[in-house]
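Take a look at the letters that make up each chain.
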Amino acid sequence: MVHGRLAELVGLGALTSLVPREVLDESIAAHGRREQRVRKLPAHLVVYLLIALCLFPDDDYEEVAEKLTGALSLLPGSHWQAPSRGAVTQARQRLGADAVREVFTQMARSPATSATAGAWLGRWRVMAIDGFVLDLPDTDSNLAEFGKTGAGDPTVFPQARVVAVSECASHAIIAADVAGCWAGEQTMAFSLYQHLTAEMLLTADRGFYSFDGWAQARCSGAQLLWRVQAGLHPHKLADLPDGSWLAVITRPNLRASRRNRLREAARTGADLGEDAFVVRVVDYTVANRRGEETRLITTILDPEQADAEELARCYHERWEAETGFDQIKTHLRGPGRILRSRTAELAYQEIWAHLLTHWTACTLICAAATGAGVDPDRIKFLGTVRIIRRPVIDRAAFSP
């Protein structure tokens with residue numbers, strides 16, 4: 001039933017309806033990429049072609065273009081011919097990466113609704129921030145821009161690092177940043193906190209915690225639930241009935257006298273300014289990981305809004321983000337495959353196209369699952385991609 005509903009959605013051309021022509025035109029114009037003369041591959045069509053290239057990673061440019069445009073040749077009076085590989089490459093170069101990034105930024109929203117199973121903790125939409133890398137062709141351009149970890153090793157490719165905020169239930173990425181492989185995830189994350197909203201609860205692994213990062217994310221109004229390193233020792237203020245405890249964290253390298261004043265101010269409820277925060281600490285042991293101790297800190301201070309057990313369970317849902325990343329790396333691109341693009345500019349473009357394609361698939365899955373009253377995890381991503389590949393791209397993509 002659920003897969004039947006999904007096939008119906010895709011058959012109705014939902015893929016291109018999720019990325020409407022007007023958004024493409026606005027994004028293309030905003031970055032000065034509108035064509036100056038009539039071309040076989042206008043800029044908006046190149047975006048749809050990029051989505052198709054992501055859906056058919058084993059096919060070359062000509063084959064994908066043929067799939068994408070074959071329906072047009074059946075129209076009365078049509079003399080459409082699929083573009084050559086060279087024409088596709090030139091069209092991609094004219095479009096550039098920024099316009100595709102703009103399309104993703106405009107389109108990427110959390111698809112889960114209030115009825116989506118597993119999407120919420122209380123009134124908060126559960127989100128996660130994490131990162132992954134993508135292998136690129138070993139060219140001078142990619143190496144100069146992105147770098148690689150095994151210099152001189154022919155089996156190691158240049159890699160782009162992607163850090164993303166995704167919705168745990170749907171796996172849909174709603175914000176991302178792309179950089180070279182030596183970029184730090186913690187640093188890249190700063191650019192993403194502005195995309196958080198007050199309805200969200202952002203989970204993060206211990207590699208993302210820093211005092212400044214916590215402060216930046218907290219300014220968004222979102223609630224936070226982050227694992228912290230063993231070396232962080234919050235100053236205890238009070239025990240809570242569910243086994244968690246209130247504490248104060250202070251900016252590193254403060255003078256001892258300043259730190260002590262802030263701790264006392266926290267104890268009395270006084271304003272702490274920008275050098276300290278009151279947090280709630282949840283400590284627990286993961287039984288199936290050899291008794292591994294886990295420490296979480298959160299901005300949700302009231303156990304009645306979410307008790308310690310609920311928070312621990314919610315934190316482990318953040319691994320859903322890695323499932324979404326695996327969908328891009330394994331099911332879209334294919335296991336062990338590198339991206340197509342041999343120049344840095346086109347590599348950025350291709351990565352944003354993959355993020356856009358993944359978002360459309362996740363949105364379709366979430367809509368079908370929500371309509372059927374089941375968890376989106378019940379619908380297999382690879383099966384969805386196979387369904388999408390059947391009609392490829394709706395004819396609406398090519399309307400003049």
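Up top you'll find the structure we're talking about.
Described below are features of the structure shown in this document. Source: prediction; values computed, not measured.

Examining empty space enclosed by the protein
Then comes step 1: Considering all chains together, one arrives at two cavities of 30 Å³ or more under this definition.
Then comes step 2: The computed volume of the largest cavity comes to approximately 40 Å³.
Then comes step 3: As for the largest cavity, its lining consists of Leu50, Leu53, Cys54, Arg92, Arg340, Glu350, Ala353 and His354.
Then comes step 4: For the lining of the largest cavity, the elements supplying multiple residues, two or more each, are α4 (43-55) and α14 (344-372).

A word on the packing of aromatic side chains
Then comes step 1: According to the stated counting rule, one finds eight aromatic pairs in the structure shown.
Then comes step 2: Summarising the aromatic geometry, the rings of Trp214 and Trp226 are spaced 5.2 Å apart at their centres and angled 90° between planes, so their arrangement reads as edge-to-face. Of this pair, Trp214 sits in helix α10 (residues 211-218) while Trp226 sits in strand β6 (residues 223-227), placing them twelve residues apart in sequence.
Then comes step 3: Since its relative accessible area comes to 0%, Trp226 is described here as buried.

Quick notes on the side chain of Thr298
Then comes step 1: Note on placement: Thr298 falls in strand β10 (residues 292-298).
Then comes step 2: Here the side chain of Thr298 touches Ile300 through a polar contact of 3.1 Å, landing on its backbone nitrogen.
Then comes step 3: Residue contacts for Thr298: discarding those within four places in its chain leaves Trp214, Leu224, Leu225, Val279, Arg280 and Leu311.

Overview of the pairing of β10
Then comes step 1: Across three bridges, the pairing between β6 and β10 is antiparallel. Within the sheet, the bridge partner assigned to Trp226 lies in β10 and is Ile297.
Then comes step 2: Where strand β9 (residues 276-286) lies against β10, seven bridges are found, and the strand directions are antiparallel. Looking at the pairing, Val286 lines up with Glu292 of β10.

Looking at the packing of helix α6 (residues 85-95) against α14
Then comes step 1: It is at 10 Å that the axes of α6 and α14 come closest, and there the two elements cross at 85°. Classified by the interaxial angle, the pair formed by α6 and α14 is roughly perpendicular. Taken together, the residues of α14 that come into contact with α6 (itself represented by Arg92, Gln93 and Leu95) are Leu346, Gln349 and Glu350.
Then comes step 2: Residue composition of the contact of α6 with α14, grouped by class: two nonpolar, two polar and two charged.

Rules used in this analysis
Residues numbered from 1 in each chain as written. Predicted model: local features only at pLDDT ≥ 70, side-chain atom pairs only at ≥ 80, totals over all residues. Heavy atoms only, no water. 1 Å grid on protein atoms, 1.4 Å probe; cavity = no way out; pocket = protein on both sides within 12 Å on 5 of 7 lines; lining within 4 Å. Points joined across faces, edges and corners; volume = space filled by probe spheres on them. Helix = DSSP H or I, 4+ residues; strand = E, 2+ residues; numbered from the N terminus. Phe/Tyr/Trp six-rings, centres within 6.5 Å; stacked < 30°, edge-to-face > 60°. Buried < 20%, exposed > 50% of the residue type's maximum accessible area, 1.4 Å probe, protein only. Polar contact = N/O pair within 3.5 Å; in protein donor to acceptor, adjacent residues only side chain to side chain. Contact = heavy atoms within 4.5 Å. Pairing = 2+ DSSP bridges. Axes fitted to C-alpha atoms, helices over the stretch in contact; angles between N-to-C directions. Parallel < 35°, antiparallel > 145°, perpendicular 65-115°, else oblique. Nonpolar A, V, L, I, M, F, W, Y, C, P; charged D, E, K, R; others polar.

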